[in-house]
Amino acid sequence: MPGVPRPSSRCALPERTPPAILRAMAAQKNKTAHWADSYAARVVAERGAADPTAGGARAHFTCASGITPSGTIHIGNFREIITVDLVARALRDRGEPVRFIYSWDDYDVFRKVPKNVPDAEAFEQYLRLPITKVPDPWGAEESYARVHEKRIENVLPEVGITPEYLYQAERYRRGEYAGGIRAALAGRETIREVLNQHRTEPLPADWWPVSVFSRFNERDNTTVLDWDGDWMLTYRCDDTGNTETVDIRSAGCVKLPWRVDWPMRWAYERVDFEPAGKEHHSAGGSYDTAREIASRVYGYEAPVSFKYDFISIKGMGGKISSSSGEVIAIDDVLEVYQPAIVRYLFAGTRPNSEFAISFDLDVIKIYEDYDRCERIYYGIDEVGEKKRLKESRIYELSQVDEAFARAEAERAEAGARETGAVGSVASGERAPGAAGADGDPPAGAPDSGVPADAAGGPDPTAAPRTPPVQVPFRHLCNLLLITAGDIEAALDRFEAANEAHRMSAGNREDARVRARCAWNWIQKHAPEDFRFSLRSAGDEPVELGEAEHKALQALIGELETRFDSQDEKSLQSAVYAIARSHDLEPADFFAVLYRVLIGKEKGPRLAGFLMTLGRATVLEILRPYRERTNEQG
RNA sequence: GGGCCGUUAGCUCAGCUGGUAGAGCAGCAGACUCUUAAUCUGCGGGUCGAAGGUUCGAACCCUUCACGGCUCACCA
């Protein structure tokens, strides 16, 4: 844990230099920035620049997030984590050193048994214990808290998030916060005053700004009786009636209530940025009181913060409640959305607006949107300058590999500088994307189609920007249905279909992840209409009328002789022509073909579907009909 | 009671530093009689919730109001 400052080494904030702030503000306003970049600019402006050589407090910016692992950490909770990650990245992209801490508030009390706990009634015996002392109801981990912590810790690297975890139970027990606790006790009246401003009932006269876990039964049903003005605290265990005096430096059983705990830890970790949910951000909410307590009791200026809104799940209605146990976690989202797209969902939405995550047909659209964003980033799709900058930045922030994104950003910036210099000389106007020397979102894509070295010799920083081969989600779904979920076979078919579909190893790995998501989606969420499975020559042949049979034979003949020279349109026309020449309604003939191929009345757009299946597969499925024809003939 | 956020084309929403309103979907027309929100092309004047105000100019800034939602005032 590098450079964690002791509370005692607390020093005043560096003096603000208004001109610098103004400059940063101006830079921030200068351009249409991504919200993450705007907040990064604000952090720098309001907190004073980090200086790695200074050591201690100002060596880096500290971005913090955290939660109580008292139930499944759901996708709504995840918003805070990724929000901090995005701002942390934006800071790093400006060249600022960042420490990203994630606090597991696992010294909190177990207050309610969630519904997803097996044998919930029996579990009530653990109420009022700290959640780290509650056993894992599923028997795998060392504690109830650990179950939830581990689930998140295991999955975050998948989406490119790797914070430094702080375990509060451990820290409290170790006595790390003894100084902070004593300061709270000493500031008792100040804290009381602050909290009372927003309470209906004033805090009782015997109230103390601490809570104690009894050392007799480990529960927090205790009453503080006295404090000696220094380290010794006397309390009574209300369950057992025992009374004892403990040293808060070593007892480890004294903790601060949330509204005091939060500002204490801001000061302790010297937090510069920490957003919070809207329950903390109304007037009189915990951010308000924490800000005041931080300043008056801990001599620390509250971090830059903002409010993020809730996430909902389309079709689930209402807000996510972890106590109900029925909850969508990140793992669930990752089953259907590949990691970069999970990031994209959050990076592309302003944090203060609510949005719903969908598992229905919208999934296809989200994938298509992401692919378009990628094409804009690589200059394949041309759009207006404003949109290009915006989409490109979103794309960068969506990448799981932070190093990749940063390298791309640097290359783009270098490219933008060059083209900018040329442009401004030539036109006398501000070249788009060139002005941003300091910290605006770097231009994403240099001019498309222009070789990297066109502007004068090879540039070592301008690595060739080869866009990945995109595997459209919808098409991928059809391929997977054709291969009955065989991912490698589906991707092989995709690659074989077209020279331009050849993928690099990394590209193929990404496609594999996408294919797993697509298959999960098909199985768990896609509408019934969407699914099909291919019939095979071994299946009982479909009963057909005379004309239908003949038409089918004709089509087989057509496919045998001319399949490979067909394109989608002429194949489609051929199907129509055959239907008409056999006195069949085209629609009926289509239905016949779907019945024969996939045992359904409808299916994917036929011509393209046949092409996707390929000559060999189609003829193999149709073989029984051909043979019967021969017998008859 | 305090605070915050919405209210923009039929629907979902963009519009972040004020300069004569945009996108997707739906719809309509055409393209191949069209099938898994099928594909391509063309078509978008809506009192930007209401009323005042600032401004040469406001969806965007200020004030007031209406409606909808959220949140705090218990714990975390």
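See above for the structure.
All values derive from a computational prediction rather than experimental measurement.

A. Structural context of the overall build of chain A. Helix and strand counts for chain A come out as 23 helices and 12 strands. Taken across its 633 residues, chain A has 51% of its residues classed as buried. The long-range share in chain A, meaning contacts at least 24 apart out of those at least 6 apart in sequence, stands at 70%. Here chain A has roughly 28900 Å² of accessible surface; of this, 49% comes from carbon and sulfur atoms.

B. Representation of helix α10 (residues 286-297) in the model. The end-to-end C-alpha distance of α10, which contains 12 residues, comes to 15 Å, matching closely the 16 Å that a straight helix rising 1.5 Å per residue would cover. Every buried residue of α10 is accounted for by Ser286, Tyr287, Thr289, Ala290, Ile293, Ala294 and Val297. The buried residues of α10 occupy one face: seen down the axis, they fall within an arc of 160°. Residues of α10 that are buried in the fold lie against α7 (178-186), α8 (188-196) and α9 (258-269).

C. Focus on the protein's contact with RNA strand B. If you check the shell around RNA strand B, you find 42 residues, and the closest are Arg474, Arg580, Phe590, Tyr594 and Lys602. In this structure, a sugar or linking oxygen belonging to RNA strand B sits 3.0 Å away from a main-chain N or O atom of Thr200. Where the surface near RNA strand B is concerned, the elements lending two or more residues are α9, α13 (362-377), α20 (568-581) and α21 (586-598). Per-class residue counts for the surface near RNA strand B are 14 nonpolar, 10 polar and 18 charged.

D. Representation of the environment of Ile357 within the structure. With respect to the helices and strands, the residue Ile357 is situated in strand β12 (residues 355-357). Dropping the residues within four chain positions of it, Ile357 is found in contact with Ile75, Ile311, Ser312, Ile313, Lys314, Val333, Tyr337 and Phe346.

E. Fine view of the packing of aromatic side chains. For the structure shown, the criterion picks out 33 aromatic pairs. Between Tyr177 and Tyr268, the aromatic rings sit 5.1 Å apart at their centres with planes inclined by 85°, giving edge-to-face as the arrangement. Of this pair, Tyr177 sits in the loop between α6 (168-174) and α7 while Tyr268 sits in helix α9, and the two are 91 residues apart along the sequence. Taken individually, Tyr177 and Tyr268 each receive the classification buried, so the pair is uniform in this respect. Against the face of Trp208 rests Arg188, its NZ or CZ located 3.5 Å from the ring centre.

F. Spotlight on the packing of α8 against α10. For the pair α8 and α10, interaxial distance at closest approach is 10 Å and the crossing angle is 160°. For the element pair α8 / α10, the angle class is roughly antiparallel. The handedness of the crossing between α8 and α10 comes out as right-handed. Counting all contacts with α8, which are made through Thr190, Ile191, Glu193, Val194 and Leu195, the residues of α10 involved are Thr289, Glu292, Ile293, Arg296 and Val297. Tallied by class, the residues present in the contact of α8 with α10 amount to five nonpolar, two polar and three charged.

G. Representation of the pattern of salt bridges within the structure. Under the counting rule described, the total for this entry stands at 45 salt bridges. Between Arg393 and Asp37 there is a salt bridge, and its shortest N-O distance comes to 2.8 Å. Here the residue Arg393 occupies a position in helix α14 (residues 385-398), and Asp37 occupies one in helix α2 (residues 35-47), the gap between them amounting to 356 residues. Judged by relative accessible area, which is 6%, Asp37 ranks as buried. Through salt bridges with shared partners, a single network forms among Arg99, Glu164, Glu170, Arg171, Arg174, Glu176 and Glu269.

H. Representation of the environment of Lys278 in the model. Among the secondary structure elements, Lys278 is positioned in the loop between β9 (276-277) and α10. Measuring from C-alpha to C-alpha, the distance between Lys278 and Ile482 comes to 47 Å, with 204 residues separating the pair along the chain.

I. Layout of the pairing of strand β2 (residues 98-104). With seven of its seven residues buried, β2 lies for the most part within the structure. Here β2 shows a buried face lined by Val98, Phe100, Tyr102 and Trp104 and a second buried face lined by Arg99, Ile101 and Ser103. Two strands pair when backbone bridges link them, and strand β1 (residues 61-67) and β2 are joined in this way by seven bridges, in the parallel orientation. Within β2, the residue paired with Thr62 across the bridge is Arg99. Handedness of the crossover joining β1 and β2 through helix α3 (residues 75-93): right-handed. Relative to strand β3 (residues 164-167), β2 runs parallel, the two being bridged by four bridges. The residue of β3 that forms the bridge with Trp104 is Tyr167.

Reading the values: the criteria
- Residues numbered from 1 in each chain as written.
- Chains lettered and ligands numbered in written order.
- Predicted model: local features only at pLDDT ≥ 70, side-chain atom pairs only at ≥ 80, totals over all residues.
- Heavy atoms only, no water.
- Helix = DSSP H or I, 4+ residues; strand = E, 2+ residues; numbered from the N terminus.
- Buried < 20%, exposed > 50% of the residue type's maximum accessible area, 1.4 Å probe, protein only.
- Contact = heavy atoms within 4.5 Å.
- Areas by Shrake-Rupley, 256 points an atom, 1.4 Å probe, with all protein chains shown as cover.
- Expected span 1.5 Å × (residues − 1).
- Arc of directions from axis to C-beta.
- Near = heavy atom within 4 Å.
- Polar contact = N/O pair within 3.5 Å; in protein donor to acceptor, adjacent residues only side chain to side chain.
- Nonpolar A, V, L, I, M, F, W, Y, C, P; charged D, E, K, R; others polar.
- Phe/Tyr/Trp six-rings, centres within 6.5 Å; stacked < 30°, edge-to-face > 60°.
- Lys NZ or Arg CZ within 6 Å of the ring centre and 35° of its normal.
- Axes fitted to C-alpha atoms, helices over the stretch in contact; angles between N-to-C directions.
- Parallel < 35°, antiparallel > 145°, perpendicular 65-115°, else oblique.
- Left-handed = near helix turned anticlockwise from the far one by under 90°.
- Salt bridge = Lys/Arg side-chain N within 4 Å of Asp/Glu carboxyl O.
- Pairing = 2+ DSSP bridges.
- Right-handed = clockwise from strand over helix to strand, strands pointing away.

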